[in-house]
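Summary of structural features
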Amino acid sequence: MGKLNSSISLALSKLVLRSIVDTKNALSFFHSSFSYSFTTLAAHVKTLCKNSVNVRGKVKKDGYFDNVDDALTLFNQMVQQYPMPSIVEFTKLLSVIVRMKHFAIVVSLCNQMELLGVLHNEYSLSILVNCFCRLNHVDFGFSVLGKMLKLGLDPNVVTLSTLINGLCTQSKVYQALHLFDEMIGKGYQPDLVTYSTILKGLCKTGNTNRAVKLLRMMEERGLQPDIIAYNTVIDCLCKDKRLMEAFDLFSKVKDKGLSPTTTTYTCLIHAMCTLGQLKEAIRFLDEMVANNVVLDVVTYGIMVDAYCKEGMISEAKHIVDTMIKQGIESNVVTYSTLIDGHCLQNKMNEARRVFELMIKKGCAASIISYNIMVHGFVKLND
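Residues numbered from 1 in each chain as written. Predicted model: local features only at pLDDT ≥ 70, side-chain atom pairs only at ≥ 80, totals over all residues. Heavy atoms only, no water.

**Some remarks on the packing of helix α5 (residues 87–99) against helix α7 (residues 122–134)**
Between α5 and α7, whose axes approach to 9 Å, the crossing angle comes to 25 degrees. As judged from the angle between their axes, α5 and α7 are roughly parallel. Note on packing geometry: the crossing formed by α5 with α7 is left-handed. Contact with α5, carried on its side by Ile87, Thr91, Leu94, Ser95 and Val98, involves Tyr123, Ser124, Ile127, Asn130 and Cys131 of α7 and no other residues of that element. When its residues are assigned to classes, the contact of α5 with α7 shows six nonpolar, four polar and no charged. (Axes fitted to C-alpha atoms, helices over the stretch in contact; angles between N-to-C directions. Helix = DSSP H or I, 4+ residues; strand = E, 2+ residues; numbered from the N terminus. Parallel < 35°, antiparallel > 145°, perpendicular 65-115°, else oblique. Left-handed = near helix turned anticlockwise from the far one by under 90°. Contact = heavy atoms within 4.5 Å. Nonpolar A, V, L, I, M, F, W, Y, C, P; charged D, E, K, R; others polar.)

**So, unusual backbone geometry**
The omega torsion of the bond from tyrosine 82 to proline 83 falls at -5 degrees, within 30 degrees of zero and hence cis. Look at asparagine 346: it is not a glycine, yet its phi comes out positive at around 60 degrees. Among the structural elements, asparagine 346 can be located in the loop between α19 (332–344) and α20 (348–360).

**Some words on the nonpolar core**
Ile198, Ile234, Leu268, Ile269, Met303 and Ile339 are the most contacted members of the largest nonpolar core, which has 112 residues in total. Not counting residues up to four positions away in its chain, the partners in contact with isoleucine 198 are Ile164, Cys168, Ala176, Leu177, Phe180 and Leu214. (Core = buried A, V, L, I, M, F, W, Y, C linked by side-chain atoms within 4.5 Å. Buried < 20%, exposed > 50% of the residue type's maximum accessible area, 1.4 Å probe, protein only.)

**A word on the packing of aromatic side chains**
Going through the model one piece at a time under the given rule, you end up with eight aromatic pairs. Taking 5.6 Å as the distance between ring centres and 35 degrees as the angle between the ring planes, the aromatic pair formed by phenylalanine 247 and phenylalanine 284 counts as tilted. Taken as a pair, phenylalanine 247 in helix α14 (residues 243–255) and phenylalanine 284 in helix α16 (residues 278–290) lie far apart in primary sequence, 37 residues in all. One exposure class covers both phenylalanine 247 and phenylalanine 284, and it is buried. Ring geometry for tyrosine 265 against phenylalanine 284: centres 6.0 Å apart, planes inclined by 65 degrees, an arrangement best described as edge-to-face. (Phe/Tyr/Trp six-rings, centres within 6.5 Å; stacked < 30°, edge-to-face > 60°.)

**Some remarks on helix α9 (residues 157–169)**
The first and last C-alpha atoms of α9 sit 18 Å apart over 13 residues, in line with the 18 Å expected at 1.5 Å per residue. Taken together, the buried positions of α9 are occupied by Val157, Thr159, Leu160, Ser161, Thr162, Leu163, Ile164, Gly166, Leu167 and Cys168. Between the side-chain oxygen of the N-cap and the backbone nitrogen of valine 158 there are 3.1 Å, and the N-cap of α9 in question is asparagine 156. Phi turns positive, to about 65 degrees, at serine 171, one or two residues after α9. (Expected span 1.5 Å × (residues − 1). Polar contact = N/O pair within 3.5 Å; in protein donor to acceptor, adjacent residues only side chain to side chain.)

**Topic: helix α18 (residues 313–325)**
Spanning 13 residues, α18 covers 18 Å between terminal C-alpha atoms, matching the ideal 18 Å at 1.5 Å per step. When we look at burial in α18, the residues that qualify are Ile313, Ala316, Ile319, Val320 and Met323. Looking straight down α18, one finds that the buried residues subtend no more than 120 degrees of arc, so they occupy a single side. Exposed side of α18, more than 90 degrees from the buried face: Ser314, His318 and Lys325 are the residues found there. (Arc of directions from axis to C-beta.)

These results come straight from atomic positions and should not be treated as a statement about function.
What follows is the structure, given as structure tokens:
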């Protein structure tokens, strides 16, 4: 793994400055924001610790507690010991609370540890970065990174990947790409999770060409993209109406021995229906059934919409009937689509039956559903 030398430190510092507005010093921002933002939470944690029962015997073999109160009780016991346990023991406890998804509590506990003089290491600070990112405060995560650099601690791939994911979650894909490129340039070896995160961010922002290149880079570097990574790019290509490239990638997926999922087929079927290739879409639907790939409400809904647009209402109704027989609950979108199909053909009695069926099945009608019915009756009386 590469070391963070002066050049990457400078690059990361720039990212910190871009992420934290009106801040002259990332570290001072961290300390002030860290203390201010979680004062109330810290008080709540203290109350929970005082009111919690003794934790003896409640730690499970897998490292989990019955509830977070038990973990907080143990933390309270640890800070009252003299000498206090090492940062390693605190980190183990923080990891357990993270697995319980109480990210804000972990942040508050880290703040208390620092106030009590417990010195953080790269692992505890990495946990803190993760919690800030999970709380959608990637800017605070970068301030923790600044603290790590000042302490001479070398962030690992997991820490940097966490920040990349945090940036992508907030749609800051270009900043995520910059950090990703710096990682590779300085000798870090991003794992499959890191690549997949960037891939998802690129597709989310419509950077299809870059996503395709990144997928190819993964393959060239010996990483084996999973079906989720391929689905992400296939979906991106389909949304760009680059159907032939999507088909080529679909073929590659099968050649590599990966099994296409419901998502894989649904992306392609939706693209084909959008482009008016209904016969091909039906063929893919039959292939799904033949390969025992589960059809979900989204896949069926796409076909209902496609049939209705082609005026093939009986086929669309057959799809809905099939869903009912298979125990798949149609959603308001699927029902509304079928209602609209009947209305377009002035079959208001049929439209009303579908509307009543929707209500009977416990699916609440939307404003769109009502508008379709109103417009259908108005059109019929014109």
